[in-house]
Amino acid sequence: MKNVFFALSVSALISACASTSTMTAQEKDTAYLDYIASHQLESVDKVQSFKFNDWQSLSNKHLLVSASLNKKYLIGLKSACTDLKFSNAITVNRTNNSSLITGFDSVTALHAPGVKCFIKSIHPLTKEEAMEIAAIGKPADKNET
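Summary of the structure given here. Computed from a predicted structure; not experimentally measured. (Residues numbered from 1 in each chain as written. Predicted model: local features only at pLDDT ≥ 70, side-chain atom pairs only at ≥ 80, totals over all residues. Heavy atoms only, no water.)

Sizing a probe to match a water molecule and rolling it over the atoms shows the empty space that remains. Estimated volume of the largest pocket: approximately 180 Å³. For the lining of the largest pocket, the elements supplying multiple residues, two or more each, are helix H2 (25-38), strand E4 (71-77) and strand E8 (117-125). Tallied by class, the residues present in the lining of the largest pocket amount to three nonpolar, four polar and four charged. (1 Å grid on protein atoms, 1.4 Å probe; cavity = no way out; pocket = protein on both sides within 12 Å on 5 of 7 lines; lining within 4 Å. Points joined across faces, edges and corners; volume = space filled by probe spheres on them. Helix = DSSP H or I, 4+ residues; strand = E, 2+ residues; numbered from the N terminus. Nonpolar A, V, L, I, M, F, W, Y, C, P; charged D, E, K, R; others polar.)

The following block contains the structure:
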């Protein structure tokens, strides 16, 4: 009887944690678009002197990119790039070696080198905005209350 009660308690606890700790991919994408609108983030068609440094996958349609001089950008993709979320690395495919341009440039996940995910939008970010966006869909830190 103790084992049954313990198993049910653990199962209930796991279910409760799982339901409050994540958002669906669609909810995340909606949250990123809401953040862009509510914070009135500037959208640019081109980033001059773009030197790719690092990246972070947010969803299949959004990623954070770091460039030289600690510049951060929220990149929106034209369609879902399914391998992006699971890739350890990406390639930024540029039509111009020194710029990043919406509509023409793309990213490619390491696991799917033949699939180009074209850039739909580029939003320059402050460090604080990048941190807020990266936190979307993640469980809140319990020490922040």
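From this point, things continue past the structure.
A general feature of soluble globular proteins is that nonpolar side chains tend to end up buried together. Within the largest apolar cluster, 19 residues are counted, with the highest numbers of intra-cluster contacts made by Phe-50, Leu-63, Ile-75, Leu-77, Leu-100 and Ile-122. When residues of this core are traced back to their parent elements, those giving at least two are strand E3 (62-67), E4, strand E5 (90-93) and E8. Other than its neighbours up to four places away in sequence, Ile-122 contacts Glu-42, Ser-43, Val-44, Asp-45, Val-47, Tyr-73, Leu-74, Ile-75, Leu-100, Ile-101 and Thr-102. Tyr-32, Leu-41, Leu-64 and Ile-136 belong to the second largest nonpolar core, which has 13 residues in total. (Core = buried A, V, L, I, M, F, W, Y, C linked by side-chain atoms within 4.5 Å. Buried < 20%, exposed > 50% of the residue type's maximum accessible area, 1.4 Å probe, protein only. Contact = heavy atoms within 4.5 Å.)

Attention now moves to the sheet that holds E5. Taken in spatial order, the six strands of this open sheet run E2-E3-E4-E8-E7-E5, and their pairing is antiparallel. Because the sheet does not close on itself, it has two edges, and the strands there are strand E2 (52-57) and E5. Averaged over all neighbouring strand pairs, the angle between strand axes comes to 35 degrees, with direction disregarded. Direction of pairing for E5 relative to strand E7 (residues 106-109): antiparallel, over a ladder of four bridges. When the bridges of E7 are listed, Val-92 appears paired with Val-107. Here helix H3 (residues 127-135) sits on the sheet and contacts E2, E3, E4 and E8; the angle it forms with E8, its principal contact strand, is near 130 degrees. (Pairing = 2+ DSSP bridges. Axes fitted to C-alpha atoms, helices over the stretch in contact; angles between N-to-C directions.)

With respect to the helices and strands, the residue Ser-121 is situated in strand E8. Setting aside its immediate chain neighbours within four residues, Ser-121 contacts Leu-74, Ile-75, Gly-76 and Thr-102.

Let's shift gears to the environment of Ile-136. By the secondary structure assignment, Ile-136 is in the segment after H3. In this structure, the C-alpha to C-alpha distance between Ile-136 and Asp-29, residues 107 residues apart in sequence, is 9.7 Å.

The next subject is unusual backbone geometry. Notably, Gln-40 is not glycine yet its phi reads approximately 45 degrees, a positive angle. Along the chain, the position of Gln-40 falls in the loop between H2 and strand E1 (46-47).

A few words on H3. Taken residue by residue, H3 has Glu-129, Ala-130, Ile-133 and Ala-134 as its buried positions. In a view along the axis of H3, the buried residues occupy a sector of 135 degrees, so they form one face of it. Residues Lys-127, Glu-128 and Met-131 are exposed on H3 and point more than 90 degrees away from its buried face. Of the residues one or two after H3, Gly-137 is the one with positive phi, at around 85 degrees. (Arc of directions from axis to C-beta.)

Any functional reading would require information beyond the geometric quantities listed.
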